[in-house]
Amino acid sequence: MVGSRRIAKALETLALLALTAGISQAQGGAVRPCDPATPLGPSHDLYCIELVPAPGVAGVSGRVELAIPPGPFTVAVTADGHSRFIPVVFLTGLPATGRGGGTYVAWAATPQMDSLIKLGEVKNGRVELRAIELDRFNFLISSERSARVREPHGRMILRGQSPSTRPFPPDLLEFSVGGMGTGGEAGHHEHESSGWPMPPVPPGLTMLPAEMALRPEVAPYLPGSDSAVPVARPREVLRVANGDTIQLAAGLVRRTINGQTYTMYGYNEQYPGPLIEAARGSEIVVRFKNQLPDSSSIHWHGIRLDNPFDGVAAVAADHDFTYRVRFPDAGVYWYHPHVREDIQQELGLYGNLLVRAEYGPANREEVLMLDDLLVGESGLIPFGKDSPTHALMGRFGNLFLVNGEPGYRLAVRRGEVVRFFLTNASSTRTLNVSFPGAHMKVVATDAGPFEHEAWVESVVIAPAERYVVHVRFDRPGPVPLVNQVRGLDHLFGRFFPLVDTLGVVSVSSDPVSGDLRTSFATLRRDTATTRALEPYRRFLDKAPDQTLVLTLQTHGLPFVTERLMQLDSIYFAPVEWGGTMPMMNWASTGRQVRWVLKDPATGRENMDIAWHFRRGDPVKLRFVNERRSFHGMQHPIHLHGQRFLVLSVNGVPNEDLAWKDTVLVPAGAVVDILLDAANPGEWMLHCHIAEHLSTGMMMHFTVD
Ligand SMILES: [Cu+2]
């Protein structure tokens, strides 16, 4: 009996595997999270729930894929930051419901059962249900008399829990005794005379004493203050014509933010750097003067220019370099150094570069560079002199800046449609920004418009990404620009809201002249983009040409950090939104942490990887964000000198294509892109989290 039951169970499992695998075959061969686990597939345990039969229920089995819904972003969240997943249920063995007309219904409930959502009717096979937007939830399937029930009345058949329910408070006493017990070792990392001030700790987070004692094992660095340093002024607009020559000088500046004066870096003594506006097809000459105490460069992020002018080569202090920059594509670009971005970009070296496309109508334009600066009571928190601090999660700031200033202000008339060009210039923070109460649509991204516009409640924008959105302010009064995300208190396994106001738009009661209500209400199709993508469509379903695994190596981390990371590794949110392990993160440096791009085909890592592509042959690349790594988190991957299309996330195809140069790869996820390998040269591919890049997460590829 036992033997035959085991065989029956094995057959069920096989049927389920065949079912899930069969589905993904139909979608271009990409692996989905509930497919049989493969080392280069999406994380099963972060994006697939194994359902467990209720006591007394036999022969029924099932899984729930947590699919990231397709859209303009590679993660989906609500405006207030809750993850949004589409549950896709695969079931076998549900008994026929008989003549009574009964059925099966799926539900999601918070762990405390204080909120219950009916997801829809299910049956044997594959069923896609309505989205779940809960931090953590139980998934239930009940047997019901009718599909119209509003709450479960019948017998529970299957149940499961979201992966996010896994973190729970450890035995804190045991843990803190463990942390304290290594006082000697923790003390080893503590240098009272080290010159490190305490970084601010976000309110509401619990810190262990051993964690509070951590210090980075590098010397602190901040630019020296000198009364001769000029006071920076807001950026100017540089409208350039074909053949123009402009100057950009990087140097020390003084900036006063919230009444505190800091010595920082600036281009042409401005914050951000000058806004360069160029026409598509034009070319300019940029004379760069490096007046910093260290080497620097200008990288023209996203621009398909000639290889020698890409700005990867360092320009020594007090030296000049002349870049020739051409603009073959419309897009929202930006420029920044490619030397110690964790210091230089954070200190203010960045500016936008706009090559306008033909967008739908708007009443005005605003070009916003979003950033977060890390400041303590005594000024900027220093940087690591020879190696970056914050090597694990990157340097999260605590002071939000829009175009270099806190408290962005804009006054508009009622009914105005504003086109915002958004760039995330922060070192590591992925933003989820919105204008609550105002309608917003996404129009374009890094290197061009989407095939069709899309309504969104918020914009998820990772470091180095850009989005163009149209927002209509149709009600008088103040409308804040907010970043709303969910933080995870890793020690207590608790999600909590993180809300920051970046600015306020004041909407007057006077109506705008030239009301765009009608054109705004329509989602426009960009037929030029669709037509331009035609030659690429036949490559969309091909197998990946190359795969890259994103992972992490650590050595010599303090005991308390190792313990915290083990605790943390039972669950990773798709995005680490808030840096909620601030002390352990701060104290980790490039000496202990090495972020890795690994080519599974050759075993090569980072700068030892040498991919070759033929010019004009589109290449499919697969990014696998390794779940098993010690600290899984998202990586915004940037390719220099080229453009690409984001094809799928965890096997879910993207239905609205646009040219991009930076893509956010969520933790444990697999993202496929189609690279338009059209610009010859030797180029870089790297993570754009400044501290990940500075701790190794980069490689080369050549387009012959
Ligand atoms: Cu990264």
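Below is a short write-up of the structure. (Residues numbered from 1 in each chain as written. Predicted model: local features only at pLDDT ≥ 70, side-chain atom pairs only at ≥ 80, totals over all residues. Heavy atoms only, no water.)

Time to look at the overall build of the protein. Helix and strand content of the protein: 11 helices and 46 strands. Compactness check: the protein gives a C-alpha radius of gyration of 26 Å against a globular reference of 27 Å for 704 residues, within 12% of the reference. Split into buried and exposed, the 704 residues of the protein put 60% on the buried side. Counting every atom, the protein has about 26600 Å² of accessible surface; 52% of that belongs to carbon and sulfur. (Helix = DSSP H or I, 4+ residues; strand = E, 2+ residues; numbered from the N terminus. Rg over C-alpha atoms; globule rule 2.2 N^0.38 Å. Buried < 20%, exposed > 50% of the residue type's maximum accessible area, 1.4 Å probe, protein only. Areas by Shrake-Rupley, 256 points an atom, 1.4 Å probe, with all protein chains shown as cover.)

Glancing now at the coordination of the copper ion. Coordination sphere of the copper ion, protein contribution only: His635 (ND1), Cys687 (SG) and His692 (ND1), at 2.0 to 2.1 Å. Counting residues between consecutive donors of the copper ion along the chain gives the motif H-x51-C-x4-H. Here His635 is found in strand β39 (residues 635-639), whereas its partner Cys687 is found in strand β45 (residues 681-687), with 52 residues between them in sequence. (Donors = N, O, S within 2.8 Å, 3.2 Å for Na, K, Ca; no water.)

Right, let's get into the nonpolar core. Of all hydrophobic cores here, the largest spans 143 residues; its most connected members are Phe139, Ile141, Trp300, Phe623, Ile637, Leu639 and Leu685. Contacts of Ile637, omitting those with residues within four sequence positions, involve Leu550, Leu597, Phe623, Phe644, Asp661, Thr662, Val663, Val665, Leu685, His686 and Cys687. Residues Val442, Val456, Ala462 and Val469 belong to the second largest nonpolar core, which totals 39 residues. (Core = buried A, V, L, I, M, F, W, Y, C linked by side-chain atoms within 4.5 Å. Contact = heavy atoms within 4.5 Å.)

Spatially, five strands are ordered β26-β34-β33-β28-β31 in an open sheet, and the strand pairing comes out mixed. Edge strands, defined here as strands with exactly one partner in the open sheet, are β26 (408-414) and β31 (459-461). Put simply, the sheet's adjacent strands are angled 30° from each other on average, direction ignored. With seven bridges connecting them, β26 and strand β34 (residues 494-511) associate as parallel partners. (Pairing = 2+ DSSP bridges. Axes fitted to C-alpha atoms, helices over the stretch in contact; angles between N-to-C directions.)

With that settled, the discussion passes to the sheet that holds strand β3 (residues 86-92). What the eight strands build is an open sheet, ordered β5-β4-β7-β8-β1-β2-β3-β6; its pairing is antiparallel. Pairing within the sheet leaves two strands with one partner each, and these edge strands are β5 (116-122) and β6 (125-128). Across the sheet, the mean angle from the axis of one strand to that of its neighbour is 25°, orientation sign disregarded. In the sheet, β3 pairs with β6 via four bridges, with the strands oriented antiparallel. Looking across to β6, one finds that Leu91 is bridged to Gly125.

Moving on to the pattern of salt bridges. Where charged atoms from two side chains of opposite charge come close, those side chains can pair. In total, this model carries 40 salt bridges according to the counting rule given. In this structure, the salt-bridge partner of Glu277 is Arg239, at a minimum N-O distance of 3.4 Å. Of this pair, Glu277 sits in strand β15 (residues 275-278) while Arg239 sits in strand β11 (residues 237-239), placing them 38 residues apart in sequence. Taking the relative accessible area as the measure of exposure, Glu277 reaches 10% and is therefore buried. By relative accessible area, Arg239 is classed as exposed at 64%. Among the charged side chains, a salt-bridge network with shared partners connects Arg239, Glu277, Arg356, Glu365 and Arg419. (Salt bridge = Lys/Arg side-chain N within 4 Å of Asp/Glu carboxyl O.)

Here we take up the state of the cysteines. Evaluation of the coordinates by the stated rule reveals one disulfide. Here Cys34 connects covalently by a disulfide to Cys48, the sulfurs 2.1 Å from one another. An S-S torsion of about 105° defines the bridge between Cys34 and Cys48 as right-handed. With Cys34 in the loop between α1 (2-25) and α2 (44-47) and Cys48 in strand β1 (residues 48-53), the pair connects residues that are 14 residues apart, well separated along the chain. Under the relative-accessibility criterion, Cys48 is labelled buried at 6%. (Disulfide = S-S within 2.5 Å.)

This brings us to unusual backbone geometry. Backbone phi values are negative for most residues with the exception of glycine, while trans is the configuration of most peptide bonds. Put simply, Tyr271 and Pro272 share a cis peptide bond, and its omega is -20°. Within the secondary structure, Pro272 is located in the loop between β14 (270-271) and β15. Although it is not a glycine, Arg340 sits at a positive phi angle of roughly 40°. Looking at the secondary structure, you find Arg340 in the loop between β19 (331-336) and α6 (341-344). A positive phi angle, close to 45°, is found at Asn606, a residue other than glycine.

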